[in-house]
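# Topology and contacts: notes
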Amino acid sequence: VAAFDSFRFVIKGGLAGAAVYVVYDQGLLGSGTQGAEALKKAQAALPPAIQEWTRYIGWEVSTLPPTPKFDFSPSDSWNKGVQTVMSALSVAPTRACEYTVEGWKFVKDLVK
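Procedures and definitions
Residues numbered from 1 in each chain as written. Predicted model: local features only at pLDDT ≥ 70, side-chain atom pairs only at ≥ 80, totals over all residues. Heavy atoms only, no water. Helix = DSSP H or I, 4+ residues; strand = E, 2+ residues; numbered from the N terminus. Buried < 20%, exposed > 50% of the residue type's maximum accessible area, 1.4 Å probe, protein only. Expected span 1.5 Å × (residues − 1). Bend = angle between axes of the 7 residues up to and from the residue. Salt bridge = Lys/Arg side-chain N within 4 Å of Asp/Glu carboxyl O. pLDDT = per-residue confidence, 0-100. Patch = residues over 30% accessible without salt bridge, like charges linked within 9 Å, V, L, I, M, F, W, Y side chains within 5 Å. Areas by Shrake-Rupley, 256 points an atom, 1.4 Å probe, with all protein chains shown as cover.

Another aspect to go through is the overall build of the chain. Tallying secondary structure elements over the chain gives three helices and zero strands in all. In sequence order, the chain lays out its α and β elements as α-α-α. For the chain, the residues scored as buried account for 4% of the 112 residues in total.

Before going further, it helps to examine helix 2 (residues 32–57). Its 26 residues give helix 2 an end-to-end C-alpha distance of 36 Å, which sits within 8% of 38 Å, the value for a rise of 1.5 Å per residue. The principal kink in helix 2, of about 30°, is found at L46, preceding the proline P47 by one to four residues. All of the buried residues along helix 2 are G35, A36, A38 and T54. A positive backbone phi angle near 100° is found at G58, which sits one or two residues after helix 2.

A few words now on the pattern of salt bridges. For the coordinates displayed, the defined rule picks out two salt bridges. One salt bridge in this structure joins R8 and D5, with 4.0 Å as the shortest N-O distance. Of this pair, R8 and D5 are both found in helix 1 (residues 2–25), three residues apart, which corresponds to roughly one turn of the helix.

To continue, consider the confidence of the model for the chain. Taken over all residues, the pLDDT of the chain has a mean of 79, while the share at 70 or more is 82%. Across the chain, element-level confidence peaks in helix 3 (residues 74–111) with a mean pLDDT of 86 and bottoms out in helix 2 with 74.

Quick look at a nonpolar patch on the surface now. Taken together, W104, F106, V107, L110 and V111 make up a surface patch of nonpolar side chains, about 590 Å² in accessible area. By secondary structure assignment, the location of V111 is in helix 3. Its relative accessible area of 67% is what places V111 among the exposed residues.

Have a look at this one:
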């Protein structure tokens, strides 16, 4: 049983390592520009790959739904996330002071 568990661990580790390598190789761990380029390559390659796969299996392409169109910019999403985090950090001291004042008021009301 222990040999089987170690074999499963090696297989899972190999699959995880291969997934990380593919992501790195395609440029998804690089800058936002590299990620956007990788997404464009995937969008261009996906429809022909699906058609080839359906011909190989023998399915009719007309019975399958059309491939979805992605209108997604990783760099825009990244920038929006950075702006949100920076906005939250910029108001954090003010909010901390407000919450502290409210907390002291609450404690004083409990003591009365």
